[in-house]
Amino acid sequence: VCQKEQVAADASDCYLTFHRLTLHLQGDKEPGWLKQLFTDFISFTLKLVLKGEVCNEINFLAQMLAGFVHELADNFVQDEDIKIDLSLASVPLIKANYLESHHKGLVLYKNFSDALGDSVFSPSLLSEARMLYFWVSEHLLSSLASAAFLDQRLVATIAGEKLQALFEVEDTAVQQKAVQMIFQGASYNESVAKVWSLAHPQISVQPEGTVVKSLVAAEVNIFPAGEEPLMVLYMEKEITVTVRAAYAENKLILHPLDSRTEFKVFKCAADPSGNDPSIRNFLQTMISLVGIPEVISRIEPALTSMMNSKGLHLFEIRNPEIITRKGYLIVQLDFGFPNHLLLDFLKKKI
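Residues numbered from 1 in each chain as written. Predicted model: local features only at pLDDT ≥ 70, side-chain atom pairs only at ≥ 80, totals over all residues. Heavy atoms only, no water.

Caption draft 1: Structural detail: the nonpolar core. Of all hydrophobic cores here, the largest spans 37 residues; its most connected members are Phe167, Ile182, Phe183, Leu233, Met235, Phe266 and Leu283. Secondary structure elements with two or more residues in this core: helix H3 (160-167), helix H4 (173-183), strand S13 (209-222), strand S14 (230-248), strand S15 (251-268) and helix H5 (277-309). Ranked by size, the runner-up nonpolar core spans 13 residues in total, among them Ile82, Val107, Tyr109 and Leu141. (Core = buried A, V, L, I, M, F, W, Y, C linked by side-chain atoms within 4.5 Å. Buried < 20%, exposed > 50% of the residue type's maximum accessible area, 1.4 Å probe, protein only. Helix = DSSP H or I, 4+ residues; strand = E, 2+ residues; numbered from the N terminus.)

Caption draft 2: View of the sheet that holds strand S4 (residues 82-85). Strands sit in the order S3-S4-S7-S8 across an open sheet of four strands; the sheet is antiparallel. Of all strands in the sheet, those with a lone pairing partner are strand S3 (78-79) and strand S8 (112-113), marking the two edges. The pairing of S4 with strand S7 (residues 106-109) spans four bridges and is antiparallel. Residue pairing in the sheet places isoleucine 82 in a bridge with tyrosine 109 of S7. Here helix H2 (residues 138-150) sits on the sheet and contacts S4, S7 and S8; the angle it forms with S7, its principal contact strand, is near 5 degrees. (Pairing = 2+ DSSP bridges. Contact = heavy atoms within 4.5 Å. Axes fitted to C-alpha atoms, helices over the stretch in contact; angles between N-to-C directions.)

Caption draft 3: Structural context of the environment of glutamate 236. In this fold, glutamate 236 is placed in strand S14. Setting aside its immediate chain neighbours within four residues, glutamate 236 contacts Leu198, Val216, Ala217, Glu262, Phe263, Lys264 and Val265. Side-chain polar atoms of glutamate 236 contact the side chain of tyrosine 234, separated by 2.5 Å. (Polar contact = N/O pair within 3.5 Å; in protein donor to acceptor, adjacent residues only side chain to side chain.)

Caption draft 4: Region of interest: the environment of lysine 83. By secondary structure assignment, the location of lysine 83 is in strand S4. On a C-alpha basis, the gap between lysine 83 and leucine 108 in space is 5.1 Å, while along the polypeptide they are 25 residues apart. For lysine 83, the residues in contact, after removing those within four places along its chain, are Val77, Gln78, Leu106, Val107 and Leu108.

Caption draft 5: Representation of the side chain of threonine 324 within the structure. Its place among the elements puts threonine 324 in strand S16 (residues 316-325). Engagement of the side chain of threonine 324 in a polar contact is seen with the backbone oxygen of glutamine 206, the distance being 2.9 Å. A polar contact of 3.1 Å, which involves the side chain of threonine 324, links it to the backbone oxygen of proline 207. Apart from residues lying up to four places away in sequence, threonine 324 is in contact with Val205, Gln206, Pro207, Glu208, Gly209, Thr210, Arg244 and Leu329.

Caption draft 6: Broad picture of the packing of aromatic side chains. Within the structure shown, the criterion is met by five aromatic pairs. For the pair phenylalanine 263 and phenylalanine 266, a centre-to-centre distance of 5.8 Å together with 85 degrees between the ring planes defines the contact as edge-to-face. What makes phenylalanine 263 buried here is its relative accessible area of 16%. Overall, phenylalanine 266 belongs to the buried group, its relative accessible area being 15%. Cluster of aromatic residues (ring-pair linked, three or more members): Phe167, Phe183, Tyr188 and Phe282. Residue placement shows arginine 280 over the ring face of phenylalanine 263; its charged tip is 5.6 Å from the ring centre. (Phe/Tyr/Trp six-rings, centres within 6.5 Å; stacked < 30°, edge-to-face > 60°. Lys NZ or Arg CZ within 6 Å of the ring centre and 35° of its normal.)

Quick look at the structure:
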């Protein structure tokens, strides 16, 4: 049933039958008609009492389970100042073998709130082979990306061995020359690269995967001992990446399928005129082969850790699959229920 903008369980229409219930007085298995009338009356009364008590307990437990699921869901879609409104967008559809509910999915972040958009999803696209299905619109994903941008989470700093691995993607004379020109002889331990998003990332969902388009800035500074920091490289680029997502062994896996990079701004201290194409060509290769996978390798554990902090790793997720369609994605899975979480919830309620 729909109750306070949430899906609630109602087992009040409970039907209970007894296969066999026979009472005997002091072991008398062949009572007279008066004793038989008395025991029949007691049996009938006992059946009514048991039915009422059992049905009340079933209804009570069903409502507690529904509350437990909502409590988990509300906590799962909230991380610090970023929240999602999961209240119902329409009356849930309750069938004999499944329940379907549509939720608002409004992203809330401080003074930011997105608008409610219509979903292009059609429930007929689902089978009934799995226990649980979620369908998520690209509008919700874009809103979450915008909230992450406003919360300054789309920033990465790279130094030391990580920075060296980025710039030494190819052991060639061209690569060595470009690196020497960019860092001007400074070591990687004296250098720091910062990468951040300049605008809200745009996310669209297509059959081939989730397409992320973002305007990104990258800056490399060197810190010579006893001298002022020097910016040796600054660039702004529009990057479009198609990503496939999967979930296995309690980890989120993001696999980039293809990427496109277009430079918008390019400044290099070693080439102020910008006439030397070798540096830009090298950076183009570095971004495609190493830069994008490096950023994704940082996003994977961050999102996995965030989901596990909400208790996802405690569930037994079976055969998870993430399917992308135009305008939305579907997550379908079977799962095992964590009994200790339910027991902790029941203890708090009792």
